[in-house]
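The residues making up each chain are set out below.
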Amino acid sequence: MTGSNVFEKIDHIEFYVGSAKHWAYFHQKALGFNIIGYSGPETGVRDRISYLLKQGDVRLIFTGFLSRTSEISRHVEMHGDGVKDITLKVPDINETISFIRERGVASPSSIRTEKGDYGSLKKSVVPTYGETAHTLVDYSEWESDLPPGFISVESEGGKESVQKIDHVVGNVEENRMDPWVDYYVRGLGFRQLISFDDKDISTQYSALKSKVVEYGNRKIIFPINEPALGLKKSQIQEYLDYYESPGVQHIALSTDDIVNTVRKMKENGVRFLETPASYYENIEDRVGKIDEDIDVLRELNILVDRDDDGYLLQIFTQPIGDRPTFFYEIIQRKGATSFGKGNFKALFESIEREQAKRGNL
Ligand code: FE2
């Protein structure tokens with residue numbers, strides 16, 4: 001087998017959190033998701049509460065715990081609220097697992113079959129950085145979009161404005177980026193896209209290195225960062241200190257109208273990183289002609305970058321939970337296939353201002 005279709009797409013991303021109800025409420029009211037599924041004691045699941053949310057093709061699960069002895073409780077105590085699983089949909093789990101096993105790098109667990117009202121669902125878990133995992137899920141004998149244990153719920157929902165997951169970024173320790181890139185490339189059949197080095201992405205104080213792996217013609221994109229030496233603490237190191245391990249740093253959600261998406265989210269109380277007004281001076285010299293009104297971008301703090309294929313607009317939220325770990329990026333691609341390298345400096349200076357406020361720079 002060639003391995004060109006052993007993974008179909010990101011099925012959903014599951015977070016372990018202190019209160020699933022409040023994470024669901026925030027994502028519904030502030031970010032425009034619809035709550036479409038619920039699982040808990042009322043549905044026969046005794047040890048946890050989960051909400052399934054959807055917006056466009058993006059599906060998220062927030063899971064909270066009901067007892068102090070729960071694995072979820074231990075995870076939240078150690079890491080704070082964060083991503084536990086980037087679940088990948090696979091067309092045929094037996095083929096995917098033999099493909100991975102033949103490559104001899106990653107160790108998928110043996111297949112577990114969950115039975116329910118909609119048939120049987122096959123799963124296997126492939127570990128990745130920190131305590132993060134990729135559960136592989138095969139829906140071929142399961143006739144529902146809802147995982148086992150979930151009932152569908154009708155929610156008022158928010159007005160949808162993002163459509164897809166563009167990429168999911170992991171932060172790993174110093175000198176661990178290359179081994180993890182190798183894990184995805186040699187172990188799981190991904191392809192490496194492009195690389196930055198710390199000269200590309202550094203400010204006066206802190207730096208990072210980043211490489212990107214992708215699968216299936218960019219259907220799944222995972223950038224991986226590690227801290228690099230600067231005069232002061234790298235923002236990646238601040239993440240690792242607070243998360244107490246490697247983990248998911250951000251999920252980029254793509255929209256086809258970033259101005260409206262960001263305006264709406266701001267009205268709903270979502271807080272974004274600020275960009276200095278100087279960023280917008282001479283912006284057309286840097287990125288050329290763009291369709292958007294620069295004054296509107298300045299007002300909303302939206303960043304712009306150009307590569308050989310086109311340009312992109314992007315903005316980053318403040319951390320979503322209490323610890324300065326996980327956040328979202330909102331991105332609109334207008335041809336560009338890169339990740340906003342030209343914005344890294346402006347972005348990092350902005351992150352560092354927040355880091356300094358926390359006394360960690
Ligand atoms: Fe990103």
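About the criteria used
Residues numbered from 1 in each chain as written. Predicted model: local features only at pLDDT ≥ 70, side-chain atom pairs only at ≥ 80, totals over all residues. Heavy atoms only, no water. Phe/Tyr/Trp six-rings, centres within 6.5 Å; stacked < 30°, edge-to-face > 60°. Buried < 20%, exposed > 50% of the residue type's maximum accessible area, 1.4 Å probe, protein only. Helix = DSSP H or I, 4+ residues; strand = E, 2+ residues; numbered from the N terminus. Lys NZ or Arg CZ within 6 Å of the ring centre and 35° of its normal. Contact = heavy atoms within 4.5 Å. Polar contact = N/O pair within 3.5 Å; in protein donor to acceptor, adjacent residues only side chain to side chain. Salt bridge = Lys/Arg side-chain N within 4 Å of Asp/Glu carboxyl O. Donors = N, O, S within 2.8 Å, 3.2 Å for Na, K, Ca; no water.

Enquirer: Would you mind going over the packing of aromatic side chains with me for this structure?
Expert: To describe a pair of aromatic rings, you give the distance between the ring centres and the angle between the ring planes. Tallying each qualifying case throughout the model produces 19 aromatic pairs. Aromatic side chains phenylalanine 15 and tryptophan 23 sit 5.5 Å apart centroid to centroid with 40 degrees between the ring planes, which places their arrangement in the tilted category. There is no split in this pair, since phenylalanine 15 and tryptophan 23 are both buried. Summarising the aromatic geometry, the rings of phenylalanine 190 and tyrosine 215 are spaced 5.3 Å apart at their centres and angled 50 degrees between planes, so their arrangement reads as tilted. Taken as a pair, phenylalanine 190 in the loop between helix H4 (177-188) and strand E11 (191-196) and tyrosine 215 in strand E12 (residues 207-215) lie far apart in primary sequence, 25 residues in all. Accessibility expressed as a relative area gives 4% for phenylalanine 190, which makes it buried. By the ring-pair criterion, three or more aromatic residues cluster together here, those being Phe7, Tyr129, Trp180, Tyr183, Tyr184, Phe190, Tyr215 and Phe222. Over the ring of tyrosine 279 we find arginine 286, and its NZ or CZ is 4.7 Å from the ring centre.

Enquirer: In this structure, what is going on with the environment of aspartate 166? I would like to understand it.
Expert: By the element assignment, aspartate 166 lies in strand E10 (residues 164-171). The class for aspartate 166 is buried, based on a relative accessible area of 12%. When residues no more than four places from it in sequence are discounted, the contact partners of aspartate 166 are Ile221, Ala252, Ser254, Ile331, Arg333 and Phe339. Within the structure, aspartate 166 has its side chain in polar contact with the side chain of histidine 167 (distance 2.7 Å).

Enquirer: What exactly am I supposed to notice about unusual backbone geometry here?
Expert: Generally, phi is negative for residues other than glycine and the peptide bonds are trans, each holding for most cases. At asparagine 175, a residue that is not glycine, the phi angle is positive and equals roughly 70 degrees. Mapped onto the elements, asparagine 175 comes out in the loop between E10 and H4. On the accessibility criterion, asparagine 175 (57% relative accessible area) is exposed. Located in the positive-phi region is arginine 218, a residue other than glycine, with phi close to 70 degrees. Looking at where arginine 218 falls in the secondary structure, it is placed in the loop between E12 and strand E13 (220-228).

Enquirer: Got a minute to help me understand the side chain of threonine 128 in this structure?
Expert: Among the structural elements, threonine 128 can be located in the loop between strand E7 (119-127) and strand E8 (133-138). Classification of threonine 128 by relative accessible area gives buried; the value is 3%. Side chain to side chain, threonine 128 and tyrosine 184 meet in a polar contact 2.8 Å long.

Enquirer: Help me out: how do you make sense of the pattern of salt bridges in this one?
Expert: Oppositely charged side chains can form a pair if their charged atoms are brought close together. The full count for this structure, using the stated rule, is 20 salt bridges. Between arginine 59 and aspartate 11 there is a salt bridge, and its shortest N-O distance comes to 3.0 Å. Taken together, the residues arginine 59 in strand E4 (residues 58-65) and aspartate 11 in strand E1 (residues 9-16) connect sequence positions 48 residues apart. The class of arginine 59 is buried, set by a relative accessible area of 7%. Accessibility expressed as a relative area gives 5% for aspartate 11, which makes it buried. A salt bridge links lysine 233 to aspartate 241; the shortest N-O distance between them is 2.7 Å.

Enquirer: What am I meant to see in the coordination of the iron ion here?
Expert: Metal coordination angles in their ideal form are 109.5 degrees for the four-donor tetrahedron and 90 or 180 degrees for the six-donor octahedron. Only His167 (NE2), His250 (NE2) and Glu329 (OE) from the protein reach the iron ion as donors, at distances of 2.0 to 2.2 Å. All donors of the iron ion belong to a single chain; written as a sequence motif, their spacing is H-x82-H-x78-E. On the criterion of sequence distance, the pair formed by histidine 250 in strand E14 (residues 247-254) and glutamate 329 in strand E17 (residues 327-334) is long-range, its members being 79 residues apart. Classification of histidine 250 as buried rests on a relative accessible area of 7%.

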